[in-house]
Amino acid sequence: MRSVLQNKMYWQIILTVFMLLDFLQMAVAHCMVHQIPPRNFTLPYRLLNETFLSPFSAGVVESWSGLRREHGASKTKLPLLMNEESFLCCLWSDNNIDCSLYRASMQARKFIPSEINISASQEIDSNWNIECWIKGKLDLLVCSLRFLKLYLRDDMKVDLLYAVSELSLGDVFTSSLKGTIMVAPCDCSEYDKCECCVPSLRLNYTYIMWLKMVIGVTPLWSPLMSVKPIDIIKPEPPLNLRLEMAEKGQVKICWSDPVLMPYPLQYEVKISANSGQSGWQMVRVALETSLAIDNMLLDSSYLVQVRCRNHRGPGFWSDWSIPYNLNLGAEVLYFPPKILTSVGSNVSFHCIYKNKTKIVVSKKIVWWLNLAEEIPESQYTLVNDRVSKVTLFNLKATKPRGSFFYNALYCCHQNRECHHRYAELYVVDVNIAITCETDGYLTKMTCRWSANPNTLLLGSSLQLRYYRSKIYCPDFPSTSPKSEVKECHLQKNHSFECTFQPIFLLSGYTMWIEFKHLLGTLESSPTCVVPADVVKPLPPSNVKAEITRHVGLLNVSWTNPAFTNNDLQFQIRYAVNREEITWELYEVSNVPRSALIKVQKLCVEYVVQVRCRELDGSGYWSNWSRSAYTLVKDIKAPLQGPEFWRLITEDPARRQKNVTLLWKPLMKNHSLCSVSRYVIKHQTSGNTTWSEYVDNGTTCSFPWIEHTHTVTILAMNSIGVSSINFNLTLSQQMSTVSAVQSLSAYPVNSTCVILIWTLSPQIYVITSFIIEWKNLNKEEEMKWVRVPPNISKYYIYGGYENENNASLYVVLPIVISTSVLLLGALLVSHQRMKKLFWEDVPNPKNCSWAQGVNFQKPETFEHLFIKHPEAMSFEPLLLEPEIVLEDISVTKALKKEDTQDFLVIDSMFTKMQDSERDSACSSSHFNSSSFFESSHDDKSSGEIRRQPDVKYATIIGDSRSSGLYEQKMNLRSCFDRCFLAEDSLVTGALSSSSWEVGNGAFLILPDPPGRQPSKTLSLSLISSEGFSEPSDQDDAFTDGDSPERSLYYLGITSLEKKENDIFLTEGSRVMCQFRTTSLLKDVGFLQRAPPNLNAFIQSSLKYNAVVPYMPQFQMTAAKVQETTEKNS
Amino acid sequence: MRWPGMSLWGVLWLWLPLASGHPVRLEKVRADTRNLTRTLSARIQQLQLFPLSLKITGLEAIPGEGAPEGLGAMDHRLQLFQRLLGGLAAGGLPLAQIANDMENLRSLLAALAAHLGCPLPRAPPAPPGLPDLLAEAPHTAAGLALARLRICLDGIAARLDSLPAC
């Protein structure tokens, strides 16, 4: 049992020995380091002598004299880098400290942080009182030394040696000090105090330091110290102390942190009575940069000071801030002092107003905006006796005024005294609309938004935030903290563009604009977009356009774009392809990719484009497709044949008349759309018919051999020939009719002449006028134009300028060198029209009915038609001998759809149908049986062809006159006998010119309804070849002479011919013994030419003696353009 | 005794707008689903990786082309394709867009199933050997997968013309 106890004791002794050895081993392997606290501390210093040679230093002994030499080399104040330095490696405990001189190149030892017990150190030779801290700018470590037992001596020198490591102290070994030791000289100029500074700090690194002091030749060393600079920071005191108002009128003292603090701070606020008052003081701790205080403190003069230190770690308290006097600093307080808000919102401001030292009660406070506008009292609220509140409603965006981007709100005394301080109100318009568009490939959504730069504050920024819902949009989109910022790019006009790619087609993207500013953050109203709802489709492709044949509709076809469903609506725009395109729009929905459009013009090239969008109206219209163009091609056979007229020339040698047909090229709206050739159909009285073709040109000549010769011109294109055509029947017998009472021509300018005419008072149904003119100076061909019957003036355009004597225009208003002949008009009597025939005015000597008729006067002819309107029931066949001299008719089965194209025809036809009575012409012409009989008698008694020297007019027939012609051949009436034979005395002169037989005005007459009842429309163009010669008055025509109403030959010539160009106005009188009207009296024409001028007139005027009773003009027309009154 | 009857009618009248609103929403989901399948099909067609005129072997991991019948089967099939395309989508934008469309399409099918009161489909097991296949022959896998997906989508679109079963 004893032996057991002994064994146990041995083992305990052995264990204790091992433990002691282990301790020794550990002690040998470490150097203890004193950690510098954020306060002053006491550190022992050791006299360095040979006794400090370390027993563990492996035979390496450092003499302090060597160190001394090194120290002598470092005299600058800048830290010096030393290659190798010795330091004291100490171990201490509560009652002992053991140091040895060590060198970094020796065996490495670990540093152990430890505090030195001051009580223990007091037993040692001497102590240093040290305090180290980091200055407020965080770039300088300062260590202040005080000597407890030593007095400063002049030969004393102190250095602070240090090494820097990024490792914590426990990880640093002695070997790491090798080659990295710096020396910072200390300033010991103050009494018993030295100050050492280490610049260029790294706050989170570990600094290992020790002090070396040499007094005379005595070296004193300190143990090693270490510190992390961030742990000993002494901040600058808080700044900018001020009073502010909190919500609900509470007052708080506020301050600002010192700059560059690397960690949060805690504060102490000291409120003390001002000097001279009681020594009351209160200290409060604050964790924020403000502390609420009692409003009552504002009434007295209290001082406030604040200091700060590290909130979570070690550190020094800063010094106290500069005192702030509550009484002086609180004259006006606003809450909030600045506010940032959005347009349309309501904001409130609070105010405490202290006029110098006296508080203004809240009910005496008034509010002003920008020192210009007093805010109504109704917007005030008295929070308490001291605090007033004002509320501003429905704010509008702040307009920058100069460099001020805010509204200034002033809290004033009601005596209109204001403090200079104000609250700032920033109102920003954040109603920013975001519009998105998904491309036609459904892969990219581009969102755009724009902000008015004038309303943005300096230093503000805008960004688009969004989040995505899985599918569709929420019912009420709202902002969310889970949103992301979408990068947007600034475009022109201050707009931004953000692109989402790839996209989730059916997801809801909720987006808004965030406005960021130092004063706060504003957000626009969130909007949610589903990309599939904002698609801008690709435009339709493969667009084609054509005018359909026969139907004449614009047929547009296309291919729907990819990535669209079939529910699309389309817009088609089309226009005549010309320089200035005027689009017309046509909309269709859900169509099978084509549309038919009714267009007005069929024979033009159309340009067509198509675009589309979703049928339900979502999304956008696509871009317009590429243009498609129609080809101009024949749509139908020409609607009608060309209008034409004729020139008749006579070959005296061969005693043959040649007829030249002239026709207007068929316009496209009638040809639909081209004319490949014209077909001239001839039919003579011998019932012989033949055709000839004209591929090019608009004239055709043929000899006129037969007594009557009917010509029809048809237009032909690739579809067929025209179905409605004009006929012209030429007859050897000619007559004229007068519908034009007066004709005037006035030059408008050098290129235009206006013709004005008046009609006879008789009631005629005039179907159209034909105007012929010719430029006598330029040897031009005769020109003609057909004008509608409802106008009374006409502009002829062309070069009419009289180059030699333009001033004569002033003297003579009408200076025209082109002769114009206006022959005119066929009248149709009141009732139904059947046929009218004119032949030569009978010679009263031979024709009993003509006796008493004054053929000089138009009334004469009028009377012939209307004098006995009641006697209308003549037999058409009886008239056949007097059938048409010239007859143009248009015949066509009238279809309903053609009526628009033939308005004139239709109207004429209608009139004739409406007429229940025979025309005036018919009635007057045939109402006298004696007239008829006498003519018949005359015929039977033999023809007297030489007597009449004047032709007269006219008439009408219709296209169905062949039968009449035959009868005419058989039944020669008195007109035949009265006909002006070619070999008559006067006719020689007449026939020498085409004017005598060919010129005239005429009318188109519809066919009498009874003639062709089967939807046939007949138009007759009547030629008035002349009027009757002067004849003895017949008893049947008892009207007196009326020079104003007599027919005349009107001629106007340029005054460049001076007196020789005497105008023939009385020529008709000479020739026809007509009295001219005084139509031209007003314009200075001669009304009666002297007899000796007749010859001149006849010789100088090419068409002088022709049809003297025809209205004529002579004009110097070089170029004639025509227009109708309607067009003008 | 009249009041209970009146209140019952009142409750029925209150339910009327809800009942009438339901088909409209369902119809929109169905139409959107159908349109999205067509859009996806058109997208795949535009990619034109290669025409599948040959029979390709060794790609059993790729889902079949037969159109699934019910909503659950559709989602099942689409999920397989989605995984497959997920391995391919790192490549380019078109495949990324198709992947997005697939996700939208599955969400729509889920919404449709919710409207019809169908149970939530379970996630299918991953086909064996898929990563190896994608690493070994990505081009073949992409072409075949897209071609089969397109056929599958066309089938789904056709089934969506009428209300599909769960």
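Higher on the page you've got the structure.
Quick summary incoming for the structure in this document. (Residues numbered from 1 in each chain as written. Chains lettered and ligands numbered in written order. Predicted model: local features only at pLDDT ≥ 70, side-chain atom pairs only at ≥ 80, totals over all residues. Heavy atoms only, no water.)

1. Some points on the pairing of strand β11 (residues 193-199) of chain A
Residues and elements named next belong to chain A.
In step 1: For strand β8 (residues 140-147) and β11, the ladder comprises seven bridges, and the chain directions are antiparallel. Following the sheet pairing, L140 is matched in β11 by P199.
In step 2: Judged from the three bridges that link them, strand β10 (residues 181-190) and β11 form a sheet pairing that is antiparallel. Looking at the pairing, C186 lines up with C196 of β11.
In step 3: A loop of two residues connects β10 with β11, the two strands running antiparallel in sequence, and D192 in this loop sits at a positive phi of about 40 degrees. (Pairing = 2+ DSSP bridges. Helix = DSSP H or I, 4+ residues; strand = E, 2+ residues; numbered from the N terminus.)

2. Focus: the environment of G129 of chain B
Residues and elements named next belong to chain B.
In step 1: Counting through the fold element by element, G129 comes out in the loop between α3 (93-116) and α4 (130-136).
In step 2: The class of G129 is partly exposed, set by a relative accessible area of 37%.
In step 3: In the structure, G129 is positioned 67 residues away from I62 in sequence and 9.8 Å away in space, judged by C-alpha atoms. (Buried < 20%, exposed > 50% of the residue type's maximum accessible area, 1.4 Å probe, protein only.)

3. Details of helix α2 (residues 71-88) of chain B
All names here are of chain B.
In step 1: Here α2 spans 25 Å end to end across 18 residues, near enough to the 26 Å set by a 1.5 Å rise per residue.
In step 2: For α2, the full list of buried residues reads L71, M74, D75, R77, L78, Q79, L80, F81, L84, L85 and L88.
In step 3: As for α2, its buried residues are in contact with α3, α4 and α5 (138-159). (Expected span 1.5 Å × (residues − 1). Contact = heavy atoms within 4.5 Å.)

4. Observations concerning unusual backbone geometry
Residues and elements named next belong to chain A.
In step 1: Cis rather than trans, the peptide bond between F335 and P336 has omega equal to -10 degrees.
In step 2: One can find P336 in the loop between β22 (332-335) and β23 (338-342).
In step 3: Between L672 and C673 the backbone carries a cis peptide bond, its omega angle lying at 10 degrees.
In step 4: By secondary structure assignment, the location of C673 is in the loop between α4 (668-671) and β51 (677-684).
In step 5: Of note, the phi angle at N240 is positive, near 55 degrees, even though the residue is not glycine.
In step 6: Relative to the elements of secondary structure, N240 occurs in strand β15 (residues 239-245).
In step 7: For L371, which is not glycine, the phi dihedral falls at a positive 60 degrees.

5. A short note on the sheet that holds strand β46 (residues 594-598) of chain A
All names here are of chain A.
In step 1: Across the sheet, which stays open at both edges, the three strands sit in the order β42-β43-β46 with antiparallel pairing between neighbours. Looking at strand neighbours, the two that pair on one side only are β42 (541-547) and β46, the edges of this open sheet. In this sheet, neighbouring strand axes are inclined to one another by 15 degrees on average, regardless of whether the strands run parallel or antiparallel.
In step 2: Strand direction decides the pairing type here: β42 and strand β43 (residues 553-559), joined by five bridges, are antiparallel. Opposite K544, over in β43, you have S557 as the bridge partner. (Axes fitted to C-alpha atoms, helices over the stretch in contact; angles between N-to-C directions.)

6. Notes on the packing of aromatic side chains
Where two aromatic rings form a pair, the distance of their centres and the angle of their planes describe that pair.
Residues and elements named next belong to chain A.
In step 1: Taken as a whole and judged by the stated rule, the model has 21 aromatic pairs over all chains.
In step 2: When the ring of W255 is compared with that of Y267, the centres are 5.3 Å apart and the planes differ by 65 degrees; the resulting orientation is edge-to-face. Here W255 is found in strand β16 (residues 251-256), whereas its partner Y267 is found in strand β17 (residues 265-273), with 12 residues between them in sequence.
In step 3: Residue class for W255 comes out buried when judged on its relative accessible area of 1%.
In step 4: Aromatic rings pair up to connect F404, Y406, Y410, Y422 and Y426 into one cluster. (Phe/Tyr/Trp six-rings, centres within 6.5 Å; stacked < 30°, edge-to-face > 60°.)

7. Regarding the side chain of S272 of chain A
Residue and element names in this part refer to chain A.
In step 1: Checked against the element boundaries, S272 lands in strand β17.
In step 2: Accessibility expressed as a relative area gives 12% for S272, which makes it buried.
In step 3: Dropping the residues within four chain positions of it, S272 is found in contact with W280, Q281, Y302 and L303.

8. Here we look at the sheet that holds β16 of chain A
Strand pairing in a sheet relies on backbone hydrogen bonds. The paired strands run either parallel or antiparallel.
Residues and elements named next belong to chain A.
In step 1: Sheet architecture is open: three strands sit in the order β15-β16-β19, paired in antiparallel fashion. What marks the edges here is a single partner per strand, and that holds for β15 and β19 (290-293). On average, each strand axis in the sheet is tilted by 20 degrees relative to the strand beside it, whichever way the strands run.

9. Some remarks on α3 of chain B
In step 1: Look at α3 of chain B: 34 Å from first C-alpha to last across 24 residues, which is about the 34 Å you get at 1.5 Å a residue.
In step 2: Downstream of α3 of chain B by a residue or two, G117 of chain B has a phi angle that is positive, lying close to 75 degrees.

10. Focus: the interface of chain A and chain B
In step 1: With 17 residues of chain A at the contact, the number on the chain B side is 20 residues.
In step 2: When chain A packs against chain B, close to 1,600 Å² is buried across both sides, 58% of that on carbon and sulfur atoms.
In step 3: The largest share of the area that chain A buries against chain B comes from Y472, F504 and F563 of chain A, three residues that together contribute 36% of it.
In step 4: At the surface where chain A touches chain B, the tally comes to one salt bridge.
In step 5: Between R468 of chain A and E103 of chain B there is a salt bridge, with the nearest N and O atoms lying 3.6 Å from each other.
In step 6: Scanning the region where chain A abuts chain B turns up nine residue pairs in polar contact (both at pLDDT 80 or more). (Buried area = accessible area lost by both parts, 1.4 Å probe. Salt bridge = Lys/Arg side-chain N within 4 Å of Asp/Glu carboxyl O. Polar contact = N/O pair within 3.5 Å; in protein donor to acceptor, adjacent residues only side chain to side chain.)

11. What to know about the packing of α2 of chain B against α5 of chain B
Residue and element names in this part refer to chain B.
In step 1: Where α2 contacts α5, the two axes come as close as 10 Å, and the packing angle between them is 155 degrees. Regarding the angle of α2 to α5, the classification is roughly antiparallel. As α2 runs across α5, the sense of the crossing is left-handed. The segment α2 lies against α5, with M74, R77, L78, F81, L84, L85 and L88 engaging P138, A141, A142, A145, L146, R148, L149, C152, L153, I156 and R159. (Parallel < 35°, antiparallel > 145°, perpendicular 65-115°, else oblique. Left-handed = near helix turned anticlockwise from the far one by under 90°.)

12. Remarks on the state of the cysteines
All names here are of chain A.
In step 1: All told, the structure shown has 12 disulfides over all chains when counted by the stated rule.
In step 2: Residue pairing for C132: its cysteine sulfur links by disulfide to C143, the two sulfurs lying 2.0 Å apart. The S-S bond linking C132 to C143 shows a torsion near 110 degrees; that makes this disulfide right-handed. Placement of the pair is C132 in strand β7 (residues 126-134) and C143 in strand β8, with a sequence separation of 11 residues. Take C132 and C143: they sit in the same class, and that class is buried. (Disulfide = S-S within 2.5 Å.)

13. Some thoughts on the pattern of salt bridges
Residues and elements named next belong to chain A.
In step 1: Counted according to the given criterion, the structure contains 18 salt bridges over all chains.
In step 2: Taking the shortest distance from any N to any O, the salt bridge between E424 and K338 comes out at 3.8 Å. With a gap of 86 residues between them, E424 in strand β32 (residues 423-428) and K338 in strand β23 connect regions that are remote in the sequence.
In step 3: For K338, a relative accessible area of 43% translates into the label partly exposed.
In step 4: When the shortest N-O distance is used, the salt bridge between E643 and R786 registers 3.9 Å. Of this pair, E643 sits in the loop between β48 (628-629) and β49 (644-651) while R786 is found in strand β59 (residues 783-787), placing the two residues 143 residues apart along the sequence.
In step 5: Assessed through its relative accessible area of 18%, R786 is described here as buried.

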